[in-house]
Amino acid sequence: MQTFDLEAQGLRQLNTTLHALKGQTNETAWEIVNPKGAHAIAVGLDAPVDVTVRGSTGYYCAGMNKQATVRVKGSAGPGVAENMMSGTVIIDGDASQYAGATGRGGLLVIKGNASSRCGISMKGIDIVVHGNIGHMSAFMAQSGNMVVLGDAGEALGDSLYEARLFVRGSVKSLGADCIEKEMRPEHIAILADLLKRGEADHLAKPEEFKRYGSARKLYTFNIDNASSY
């Protein structure tokens, strides 16, 4: 394993070093020590490497991730895994607001709680939160899956498109055009796979969740629904 001391060597050198890694590299395991809440740690990775951050991070950790697995042994500031394309990001602690925003693919796992706007405008990412999520989560979520083992705050799934939302606990309120939907066998299978990949299958069973999705009244205009706009 390669160890990088962020305090001694600096953020620019860290990301330059990680960006230089290619698909054929033998340096596949990295450990970052002394992060001390720095912003933009391990952003823009594009290689099948495993990066462990020993501590909490600031803004935009693992943003735009492709292929890599990034593990944060602490909590993450706003915008963790923002616009990630593929790979896996695992947060052992809590995540601040807009975790996984605009994510197009890959898997984001938050083992604590997530703050407001988790998964805002998600476009294919899968998000598994072991704890609770804050208000306006999955706002304008277009595709992908969000799994919440705890509770959801106000206005869940406001202006939702076609993302699937699975919540085990209570939902304070649903946003515009978001409704509870039937859990069919195919959804149970999707959820079982997500719980396993999200390291949560020992914590909950798929049958304990409710599914929420779009009523499809806002993004397809119909004059009869004008009062909902």
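These figures come from a predicted structure and were not determined experimentally.

(A) Focus on the overall build of the chain. Counting secondary structure elements, the chain contains three helices and eleven strands. Tracing the chain from N to C terminus, the helices and strands come up as β-α-α-β-β-β-β-β-β-β-β-β-α-β. Its C-alpha atoms give the chain a radius of gyration of 18 Å, within 12% of the compact-globule value 17 Å for 229 residues. Its C-alpha atoms give the chain principal-axis dimensions of about 60 × 35 × 30 Å. The buried share of the chain, reckoned over its 229 residues, is 48%. Split by element, the accessible area of the chain, about 10100 Å² in all, is 48% carbon and sulfur.

(B) Quick peek at the environment of Asp-92. With respect to the helices, strands and loops of the structure, Asp-92 is situated in the loop between β5 (88-91) and β6 (107-110). Its relative accessible area of 32% is what places Asp-92 among the partly exposed residues. The spacing of Asp-92 and Gly-74 is 18 residues in sequence and 5.5 Å in space, taken between C-alpha atoms. Ignoring sequence-local partners within four residues, the contact set of Asp-92 consists of Val-72, Lys-73, Gly-74, Lys-111 and Gly-112. At 3.3 Å, the side chain of Asp-92 and the side chain of Lys-73 are in polar contact.

(C) The arrangement of the pairing of strand β7 (residues 123-129) in detail. The element β7 is largely enclosed, with a buried count of five among its seven residues. Here β6 runs beside β7; their pairing, made up of four bridges, is parallel. Bridging across to β7, Leu-108 finds its partner in Ile-127. Where β7 meets strand β8 (residues 143-148), five bridges bridge the pair, whose relative direction is parallel. Following the sheet pairing, Lys-123 is matched in β8 by Ser-143.

(D) Structural view of the nonpolar core. Grouped together as the largest cluster of nonpolar side chains are 48 residues, with contacts concentrated most on Val-80, Val-89, Leu-108, Ile-133 and Met-146. A total of three residues in this core trace back to one element, the largest contributor, which is β7. Aside from chain neighbours lying at most four places away, what touches Leu-108 is Val-80, Ala-81, Val-89, Ile-91, Ala-99, Gly-100, Ile-125, Asp-126, Ile-127 and Val-128. With 13 residues, the next largest nonpolar core counts Val-128, Leu-149, Ala-200 and Phe-209 among its residues.

Parameters and conventions
Residues numbered from 1 in each chain as written. Predicted model: local features only at pLDDT ≥ 70, side-chain atom pairs only at ≥ 80, totals over all residues. Heavy atoms only, no water. Helix = DSSP H or I, 4+ residues; strand = E, 2+ residues; numbered from the N terminus. Rg over C-alpha atoms; globule rule 2.2 N^0.38 Å. Buried < 20%, exposed > 50% of the residue type's maximum accessible area, 1.4 Å probe, protein only. Areas by Shrake-Rupley, 256 points an atom, 1.4 Å probe, with all protein chains shown as cover. Contact = heavy atoms within 4.5 Å. Polar contact = N/O pair within 3.5 Å; in protein donor to acceptor, adjacent residues only side chain to side chain. Pairing = 2+ DSSP bridges. Core = buried A, V, L, I, M, F, W, Y, C linked by side-chain atoms within 4.5 Å.

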